[in-house]
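Working through the structure, step by step
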There are 2 protein chains.
Amino acid sequence: MLSVTEKGESMERATIYSIASSLGISASTVSRAFSRPDMVKSSVREAVLAKAEEVGYQPNRAARGLATGQTGVFGLLIPDITNPFFPPFVRAVQHAAGQYDSEILLIDSGRSQNAEEDLVRRIRPQVDGLIIASPRLPSGRLKKLLTGIPSVVVNRAVRGLPAVLCDNSTALRQAADHLYQLRHRKFALLRGPSTAWAAVQRARAVREWAEGRTDIEFTELGPIEAQFADGRAAATGVVDSGATAILAFDDLMAAGVIAGLSDLGETVPRDRSIVGCDDVLLAQTMTPSLTTVTAPLTDLGQQAVTTLRAVLAGQPVRDLRLQGELALRGTVAPPRRRRR
Amino acid sequence: MLSVTEKGESMERATIYSIASSLGISASTVSRAFSRPDMVKSSVREAVLAKAEEVGYQPNRAARGLATGQTGVFGLLIPDITNPFFPPFVRAVQHAAGQYDSEILLIDSGRSQNAEEDLVRRIRPQVDGLIIASPRLPSGRLKKLLTGIPSVVVNRAVRGLPAVLCDNSTALRQAADHLYQLRHRKFALLRGPSTAWAAVQRARAVREWAEGRTDIEFTELGPIEAQFADGRAAATGVVDSGATAILAFDDLMAAGVIAGLSDLGETVPRDRSIVGCDDVLLAQTMTPSLTTVTAPLTDLGQQAVTTLRAVLAGQPVRDLRLQGELALRGTVAPPRRRRR
DNA sequence: CCACTACTTGCAATCGCTTGCAGACTAGGC
DNA sequence: GCCTAGTCTGCAAGCGATTGCAAGTAGTGG
């Protein structure tokens, strides 16, 4: 009789009640054995834990969530998982969250501002907090959207919102210096999308560098969407500008430009030099590999989680600014002597 | 007094009760207005919906989950989000799930078998079903792991588990034919990791193709991990084999081989031809672009969700087998006449 | 030997939504 | 005008955890 009951119970998902009754104690004690171990006599606690292990008990998150108002889930909103910038970041976030027994709800907005708004609203009630990477929304709308939900913004600075940023202006200037020292004098900057914060920052860094010198030609092209195809299409503009040194908004765009130049019969770095930004997988796997400015994607992800947890704990948080570094690789060379 | 109460309530998150009381009806009716609209008189339903809109009501998922046993979340387990094969797939899954008002819990196992087991166990209680892509676990363990949770396996066939597969054997043979017609006679096959189902399938397809002919040399190399670095390291083996036509397990490996060949002073496709598999972003963005066999990643993702829903609905499901296609691009050319 | 902490435990309410059941109300058929 | 069959609606009991409060136990000092 008893064995039947036991068997029947073990078929069902175990609950604190099933554990409690099989141990002859109350459910509250079982609950506390997990959530407030120090409140429970150690012998009892061990018995509970052992039993839980035995029957494969796992707390019901929905029930806990209902009682505590916490879901144990973080939302992660990114504009385009297909952009190789994000996968390493997503992985880092996921791993970091896992350390704290939290899971990640992944949302891809497809680079659409409206989707960003809709999706945030949709997942808001299901998550404890939100990590939103490279949002495209104007600051005002973004801020309004994010009020009421603990969140941290990655790769974008918005006054009043906790941020984790990547600052590559120094490295970008180093890249320009490097090209300059190789005797490049004609530079082209390919700007990224105007709604992308990083694009503005990077453009500014390079522009400031350029403004300091009188012995160079400097052309700005764009805004250009951070996609391969757009980069490829931009190649003609680069050729028209006569620039021999190209600073692309990101690696994907750089790869596009290289392809576009190839369409026009040119080879990198023989005919022109180019440097990208972010050091995505692409940059390392293309041949020749791409000279670029690295982004500490893994740190970025970890810090995003750390910061979000601080926000959730009500601790004061300061914006974090991680540095990119110049990675010298195969797409930069001295300019070719040109027929004139 | 009343206004104070109202204000206080509107500050809080709205519930079916707050809506019910402000409308003078019962909470059940409000609940039904959402979950079983046809059971509610249309005038009432509209009033409820209007009020809900007004106060920004969103059902509490935890509460619903507790009552129904459904979370509205699908788990998506992949071995390595960093592998460019997966992002488009993940996006497709996420979008498809969104259509049904479900979200995606993303988990990256880091290509570890043990992690696969641990992570599945960890998220199992939090999701309605599981989509598990390219699992590395042996069939037996996998099957046991997945009993009790509705799941669909992608890119791996396991008897008794619903699967969504990508069959590229035909396209792979076409690729081999194409190389043959260009007069290649020395082939190398770079096998993928032995725990990867796709690797076994692809190797078999190519091997069968090769076994049919007596006028070729055919070398198998591997197993090789599907990473850039491993492909790069494999280049020397390729050169040693003397093969001029290379069939790589996937695009990432192919890119690695190209880089490795470049290290050895060779150029693709001048010195050797190579074809990859999957048509990941990488394949399209490298210069020259990679001849490869496409994988219908978007369809794969959608079908995975469709299949999972069928499983959840208790409908019978049949394994789905989508076809890859040969994409001719820039890394294949006739073999160079070699000094002898 | 009793009162007084300090620990442990159990009771019971609560989180917000779903749903079986029963009652109320409406409308059509005779 | 009465009965029957629908339609709608509300009541109340869950779902499985958490947690404030009170009761019980034990250890300590007077």
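Residues numbered from 1 in each chain as written. Chains lettered and ligands numbered in written order. Predicted model: local features only at pLDDT ≥ 70, side-chain atom pairs only at ≥ 80, totals over all residues. Heavy atoms only, no water.

Observations regarding the overall build of chain A
Tallying secondary structure elements over chain A gives 14 helices and 12 strands in all. Computed over C-alpha atoms, the radius of gyration of chain A comes to 26 Å, more than 25% over the 20 Å expected from 2.2 N^0.38 for 340 residues, which places it beyond the range of a compact globule. Taken across its 340 residues, chain A has 51% of its residues classed as buried. Surface exposure of chain A reaches about 15300 Å², of which carbon and sulfur atoms provide 48%. The distance from the centre of the 41 positive side-chain charges to the centre of the 35 negative ones in chain A is 4 Å. (Helix = DSSP H or I, 4+ residues; strand = E, 2+ residues; numbered from the N terminus. Rg over C-alpha atoms; globule rule 2.2 N^0.38 Å. Buried < 20%, exposed > 50% of the residue type's maximum accessible area, 1.4 Å probe, protein only. Areas by Shrake-Rupley, 256 points an atom, 1.4 Å probe, with all protein chains shown as cover. Lys, Arg positive; Asp, Glu negative; His and termini not counted. Charge placed at Lys NZ, Arg CZ, Asp CG, Glu CD.)

Quick notes on helix α12 (residues 251-263) of chain B
Residues and elements named next belong to chain B. Under the 1.5 Å per step criterion, the end-to-end length of α12 is 18 Å for 13 residues, consistent within 8% with the ideal 18 Å. Here α12 lies mainly inside the structure; 11 of its 13 residues are buried. Buried within α12 are the following residues: Asp251, Leu252, Met253, Ala254, Ala255, Gly256, Val257, Ile258, Ala259, Gly260 and Leu261. Two or three places before Leu252, at the opening of α12, Asp250 has a side-chain oxygen 3.2 Å from that residue's backbone nitrogen. (Expected span 1.5 Å × (residues − 1). Polar contact = N/O pair within 3.5 Å; in protein donor to acceptor, adjacent residues only side chain to side chain.)

A word on the interface of chain B and chain A
Taken together, the contacts link 46 residues of chain B with 46 residues of chain A. Taken together, both faces of the contact between chain B and chain A bury some 3800 Å²; the carbon and sulfur share is 57%. When the buried surface of chain B facing chain A is broken down by residue, Arg91(B), Glu103(B) and Thr287(B) rank first, second and third, together holding 15% of it. Linking chain B to chain A there are six salt bridges. Across the salt bridge formed by Asp80(B) and Arg91(A), the nearest N and O atoms sit 2.7 Å from each other. (Contact = heavy atoms within 4.5 Å. Buried area = accessible area lost by both parts, 1.4 Å probe. Salt bridge = Lys/Arg side-chain N within 4 Å of Asp/Glu carboxyl O.)

Describing the protein's contact with DNA strand D
What surrounds DNA strand D is a group of 28 residues, the closest being Ile16(A), Ser31(A), Tyr57(A), Thr29(B) and Arg32(B). Each atom of DNA strand D within 4 Å of the protein was classed as base or backbone; sugar and phosphate made up 58%. Contacts to DNA strand D include Ser31(A), whose side-chain N or O atom sits 2.3 Å from a phosphate oxygen. Elements supplying a minimum of two residues to the surface near DNA strand D: α2 (16-23), α3 (27-35) and α5 (61-68) of chain A together with α3 (27-35) and α5 (61-68) of chain B. The greatest single-element share of the surface near DNA strand D, amounting to five residues, is contributed by α5(A). Among the residues making up the surface near DNA strand D, the classes are represented as 13 nonpolar, nine polar and six charged. (Near = heavy atom within 4 Å. Nonpolar A, V, L, I, M, F, W, Y, C, P; charged D, E, K, R; others polar.)

Things to note about the sheet that holds strand β8 (residues 245-248) of chain A
Either a parallel or an antiparallel arrangement is found when strands of a sheet pair, and the pairing is made through backbone hydrogen bonds. Residues and elements named next belong to chain A. Strand order in this open sheet of four strands is β7-β6-β8-β9, and the pairing throughout is parallel. Edge positions in the open sheet fall to β7 (217-221) and β9 (273-275), since each of these has one partner strand only. Taken over all neighbouring pairs, the strand axes of this sheet differ in orientation by 20° on average, direction set aside. Taken together, the four bridges between strand β6 (residues 186-190) and β8 define a ladder with parallel strand orientation. For Leu189, the partnering residue across the bridge sits in β8 and is Leu247. Each of β6, β7 and β8 is contacted by helix α10 (residues 197-211), which is oriented at about 160° to β7, the strand it contacts most. (Pairing = 2+ DSSP bridges. Axes fitted to C-alpha atoms, helices over the stretch in contact; angles between N-to-C directions.)

Thoughts on the protein's contact with DNA strand C
Among the 26 residues in the neighbourhood of DNA strand C, the closest are listed as Thr29(A), Arg32(A), Ile16(B), Ser31(B) and Tyr57(B). With respect to DNA strand C, the side chain of Ser28(A) contributes an N or O atom lying 3.0 Å from a base nitrogen. Within the side chain of Arg32(A), an N or O atom sits 2.6 Å from a base nitrogen of DNA strand C. Of all elements in the fold, only α3 and α5 of chain A together with α2 (16-23), α3 and α5 of chain B reach the threshold of two or more residues within the surface near DNA strand C. Here the surface near DNA strand C gets four residues from one element, more than from any other, and that element is α5(B).

Quick notes on the nonpolar core
In this structure, Phe89(A), Ile131(A), Phe89(B) and Ile131(B) are the most contacted members of the largest nonpolar core, which totals 116 residues. Setting aside residues no more than four positions away along its own chain, Ile131(B) makes contact with Gly75(B), Leu76(B), Leu77(B), Phe89(B), Val93(B), Val152(B), Val154(B), Ala304(B), Val305(B) and Leu308(B). Listed in part, the 38 residues of the second largest apolar core include Val73(A), Leu130(A), Val158(A) and Leu130(B). (Core = buried A, V, L, I, M, F, W, Y, C linked by side-chain atoms within 4.5 Å.)

Quick word on the relation of the copies chain B and chain A
In screw terms, the move from chain B to chain A is a rotation of 180° and a rise of 0.0 Å along the axis, fitting with an RMSD of 0.1 Å. Those values place the two copies in the arrangement expected of a two-fold rotation axis. (Least-squares fit on C-alpha atoms with pLDDT ≥ 70 in both.)

Comments concerning the domain arrangement of chain A
Considered domain by domain, chain A is made up of domain 1 (2-59), domain 2 (71-167 + 297-323) and domain 3 (169-295). Distance between the C-alpha centres of domain 1 of chain A and domain 2 of chain A: 37 Å. (Domains from an automatic or database assignment.)

Digging into the packing of helix α9 (residues 169-181) of chain B against helix α10 (residues 197-211) of chain B
Residues and elements named next belong to chain B. The N-to-C vectors of α9 and α10 enclose an angle of 40°; their axes lie 9 Å apart at closest approach. Overall, the two elements α9 and α10 adopt an arrangement that is oblique. In this structure, the crossing between α9 and α10 has a hand that is right-handed. Facing α9, whose interface residues are Ser169, Leu172, Arg173, Ala176, Asp177 and Tyr180, α10 presents Arg202, Ala205, Val206, Glu208 and Trp209. (Parallel < 35°, antiparallel > 145°, perpendicular 65-115°, else oblique. Left-handed = near helix turned anticlockwise from the far one by under 90°.)

Describing the sheet that holds strand β9 (residues 273-275) of chain B
All names here are of chain B. Spatially, β7-β6-β8-β9 is the arrangement adopted by the four strands of the open sheet, whose pairing is parallel. The open sheet terminates on both sides in strands that have one partner only, identified here as β7 (217-221) and β9. On average, each strand axis in the sheet is tilted by 20° relative to the strand beside it, whichever way the strands run. Sheet analysis places strand β8 (residues 245-248) next to β9, joined by three bridges and oriented parallel. The partner of Ala245 across the bridge, within β9, is Ser273. Lying on the sheet, α10 is in contact with β6 (186-190), β7 and β8; it crosses β7 at an angle near 160°.

Comments concerning the confidence of the model for chain A
Chain-level pLDDT for chain A is 92 on average; 96% of the residues reach the 70-or-more range. Here residues 1-10 of chain A scores under 50 on pLDDT; set against residues more than four positions off or in separate chains, the count is two contacts. (pLDDT = per-residue confidence, 0-100.)

With respect to the packing of helix α7 (residues 113-123) of chain A against helix α8 (residues 139-146) of chain A
Residues and elements named next belong to chain A. Close contact between α7 and α8 brings their axes to 10 Å; oriented N to C, the two are set at 10°. With respect to their mutual orientation, α7 and α8 come out roughly parallel. Across the interface between the two elements, Gln113, Asn114, Glu116, Glu117, Val120 and Arg121 of α7 pack against Arg141, Leu145 and Leu146 of α8. Among the residues forming the contact of α7 with α8, the class breakdown is three nonpolar, two polar and four charged.

Notes on unusual backbone geometry
In this model, Val268(B) is joined to Pro269(B) through a cis peptide bond whose omega is 5°. By secondary structure assignment, the location of Pro269(B) is in the loop between α12 and β9. Between Thr287(B) and Pro288(B) the backbone carries a cis peptide bond, its omega angle lying at -5°. Here Pro288(B) lies in the loop between α13 (281-285) and β10 (292-294). Of note in the backbone geometry, Asp278(A) takes a positive phi value of approximately 110° without being a glycine. One non-glycine residue, Asn155(B), lies in positive phi territory at about 65°. Along the chain, the position of Asn155(B) falls in the loop between β4 (151-154) and β5 (163-167).

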